[in-house]
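Observations on the three-dimensional arrangement
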Amino acid sequence: MNYTIRRTEPSDAEAYQRIFSCPKVIRGTLQLPYPSVETWQKRLTEVPDGVYNLCACVENEVVGQLGLHTFPHRPRRRHVGQIGMAIHDDWQGKGVGSALMAAAIDLADNWLNLTRLELEVYTDNEPAIALYKKFGFIIEGTHIRFGYRDGQYVDVYAMARLR
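To start, this report covers the structure provided alongside it. (Residues numbered from 1 in each chain as written. Predicted model: local features only at pLDDT ≥ 70, side-chain atom pairs only at ≥ 80, totals over all residues. Heavy atoms only, no water.)

For the coordinates displayed, the defined rule picks out zero disulfides. Note on Cys55: no disulfide assigned, nearest cysteine sulfur contributed by Cys57 at a separation of 4.0 Å. The exposure class of Cys55 is buried, given its relative accessible area of 0%. (Disulfide = S-S within 2.5 Å. Buried < 20%, exposed > 50% of the residue type's maximum accessible area, 1.4 Å probe, protein only.)

Bringing the side chain of Arg116 into the picture now. Along the chain, Arg116 falls in strand S5 (residues 116-122). Separated by 2.7 Å, the side chains of Arg116 and Glu118 make a polar contact. The contact partners of Arg116, leaving out residues within four places of it in the chain, are His79, Val80, Gly81, Glu140, Ala160, Arg161 and Leu162. (Helix = DSSP H or I, 4+ residues; strand = E, 2+ residues; numbered from the N terminus. Polar contact = N/O pair within 3.5 Å; in protein donor to acceptor, adjacent residues only side chain to side chain. Contact = heavy atoms within 4.5 Å.)

This paragraph deals with the sheet that holds strand S1 (residues 4-7). Pairing is mixed in the open sheet, where seven strands are placed in the order S1-S2-S3-S4-S5-S7-S6. Lying at the two open borders of the sheet, with one neighbouring strand each, are S1 and strand S6 (138-149). Here the average twist between neighbouring strands, direction ignored, is 25°. Summarising the sheet, S1 and strand S2 (residues 51-58) pair through four bridges and their orientation is antiparallel. When the sheet's bridge partners are listed, Thr4 is paired in S2 with Cys57. Together, strand S4 (80-87), S5, S6 and strand S7 (152-162) form the strand contacts of helix H5 (residues 126-134), whose direction differs from that of S5 by roughly 165°. (Pairing = 2+ DSSP bridges. Axes fitted to C-alpha atoms, helices over the stretch in contact; angles between N-to-C directions.)

Printed below as a string of structure tokens:
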């Protein structure tokens, strides 16, 4: 399937609220359950310098999102981008993540001149780990008890892609 990748707009707040209300999304991210549209409206309106929010659409429906965070005001980290992404539960495993990741890497490599992309992923999120490896990310280490999920502490892998 072909997905349209575009820059996120503040009017996408309701779609983001729907994505971040999905059980698999909440389980796979550091977001808290029960997000409000108002919270997403604020996040998508007051975007800090160096943050590039992309979304994947099927027709006019937003089905996934990716944030690429850069460090324009930190001279020693200007070469780095941090990625976070979420795909609506109904669209996981259908190529949305690949489309978003390809767009983010194109932006990072060909437009922002980033040489290091990094992310964190729960160690039990095998589909996401496979996606990141497909795009050249490697596991650099494990953060023990990194996050709290479903009543227990869980570990994450620190992954990075170098260009």
